[in-house]
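# Results of the structural survey
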Amino acid sequence: MKDVYVADVFKFENQPIVSYFAVAAKQLRSRKDGGQYLAVVLGDRTGQIECRMWDNFAECAGQFEQGHIVKVRGEVSRYNGRYQLTLDRIRRAGDEEIELADYLPRTIFDVEQMWSELNACVESFSNPHLKALLLSFLADDEIAEAFRRAPAAKSLHHAWIGGLLEHVVSLLRLCEAAASHYPEINRDLLLTGAILHDIGKLQELSWGTSFTYTLSGQLLGHITLGIAMIERKLAGLPDFPAELRILVEHMVLSHHGKLEFGSPKLPMIPEAVLFHYLDEMDAKMQTMRNEFARHQEQGRPAAEMTEWVRSMDRTLLNTAAFFPEASKSGSED
């Protein structure tokens, strides 16, 4: 059974480890000398780690694929400030060696409680058309089941089982506060954007022993998939106003905020502009939480800068280390 997790590898720097991991990615790459090497990304419920196998990989590489659980032996080292494994053995694990709960991280919050909060929010809508649209999603058993389990991303923010629901509920709370502060905002439209902006991720991502992209996710992306899902639900709501359909779809199409970030359109209505920044804020704050937690797990001083964070293009500093009385007070509430 599994005894070393990704979060533990820093304890074994320049030492060999033996453990089980899920294969998140696998690729044969070219070496400068004309040969090849095996590059894999291994993961478990605590994170992912990049690995390299330089020799004797030809036979074993054909025994496993992405999504399989493997047993590996390798040495822990650091490269460009991040831990990695140099492997000398790898094989596919047998079913009797696998405990699936070891490999997929899960939300720390109560899924049914979050689901109830989401449903209660929709019930509070004053716009009957937006309410009907959202209820058509929430009452769909297949969508409801996937919504409770889906991650919000493959590897960035809220990348765990229940992560999408956690992200959406967090956004609903932010949107409620922001809508009450800005009177020009239509509260129901803003909340509709929060609930539907990433609905396409139910089809973009798959979650088994690791988080991966589906074929449609790779070729179409969650924005395109989300619009198609909305269109299918709207087909069953013939009285839904045409202008309101355009506003709802604009919320989804523009939520990445910039064309270079994957938005087919820039936000051009108040609700879309506001939602983009709230979505970005929630994602960035969760990314920082993740990095600070990883920093702490590695036993590093709390007042020390983190390693380079690729998704934010910077290092980070946790200011909680400078206000211990506030952290203590918060933990007691």
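Report follows, based on the coordinates. (Residues numbered from 1 in each chain as written. Predicted model: local features only at pLDDT ≥ 70, side-chain atom pairs only at ≥ 80, totals over all residues. Heavy atoms only, no water.)

## Topic: the overall build of the protein chain
Looking only at helices and strands, the protein chain has 12 helices and seven strands in total. For the protein chain, whose C-alpha radius of gyration is 22 Å, the value lies close to the compact-globule estimate of 20 Å for 333 residues. Based on the C-alpha atoms only, the size of the protein chain along its principal axes is roughly 65 × 50 × 40 Å. Pairs at least 24 residues apart make up 58% of the contacts formed inside the protein chain by residues separated by at least 6 positions. Put simply, the protein chain shows about 17,200 Å² of open surface, and 52% of that area lies on carbon and sulfur atoms. (Helix = DSSP H or I, 4+ residues; strand = E, 2+ residues; numbered from the N terminus. Rg over C-alpha atoms; globule rule 2.2 N^0.38 Å. Contact = heavy atoms within 4.5 Å. Areas by Shrake-Rupley, 256 points an atom, 1.4 Å probe, with all protein chains shown as cover.)

## Brief notes about the packing of helix 2 (residues 111-123) against helix 5 (residues 163-181)
Viewed as axis vectors pointing N to C, helix 2 and helix 5 meet at an angle of 40°, and their least axial separation amounts to 10 Å. Taken as axis vectors, helix 2 and helix 5 run oblique relative to one another. For helix 2 against helix 5, the interelement crossing comes out left-handed. Where helix 2 abuts helix 5, its residues Val111, Met114, Trp115, Glu117, Leu118 and Cys121 lie against Leu165, Glu166, Val168, Val169, Leu172, Arg173 and Glu176. The residue inventory of the contact of helix 2 with helix 5, partitioned by class, reads nine nonpolar, no polar and four charged. (Axes fitted to C-alpha atoms, helices over the stretch in contact; angles between N-to-C directions. Parallel < 35°, antiparallel > 145°, perpendicular 65-115°, else oblique. Left-handed = near helix turned anticlockwise from the far one by under 90°. Nonpolar A, V, L, I, M, F, W, Y, C, P; charged D, E, K, R; others polar.)

## A few points about unusual backbone geometry
One non-glycine residue, asparagine 56, adopts positive backbone phi at about 55°. With respect to the secondary-structure elements, asparagine 56 resides in the loop between strand 3 (47-53) and helix 1 (58-61). The exposure class of asparagine 56 is exposed, given its relative accessible area of 72%. Of note, the phi angle at aspartate 313 is positive, near 55°, even though the residue is not glycine. Among the secondary structure elements, aspartate 313 is positioned in the loop between helix 11 (270-297) and helix 12 (324-332). (Buried < 20%, exposed > 50% of the residue type's maximum accessible area, 1.4 Å probe, protein only.)

## Thoughts on the pattern of salt bridges
What the rule picks out here adds up to 20 salt bridges. Put simply, lysine 131 and glutamate 123 hold a salt bridge, and the shortest N to O gap is 3.3 Å. In this structure lysine 131 comes out as partly exposed when scored by relative accessible area, which is 21%. Taken together, the shared-partner salt bridges connect Glu50, Arg52 and Arg310 into one network. (Salt bridge = Lys/Arg side-chain N within 4 Å of Asp/Glu carboxyl O.)

## Focus on helix 2
Taking 1.5 Å per residue as the helical rise, helix 2 with its 13 residues ought to reach 18 Å, and the 18 Å between its terminal C-alpha atoms agrees with that figure. Along helix 2, the positions that sit buried rather than exposed are Met114, Trp115, Leu118, Cys121 and Val122. Each buried residue of helix 2 sits inside an arc of 120° when the element is viewed along its axis, so together they form one side. Buried residues along helix 2 sit against helix 3 (128-138), helix 4 (141-149), helix 5 and helix 6 (187-196). (Expected span 1.5 Å × (residues − 1). Arc of directions from axis to C-beta.)

Purely geometric numbers; function is a separate question.
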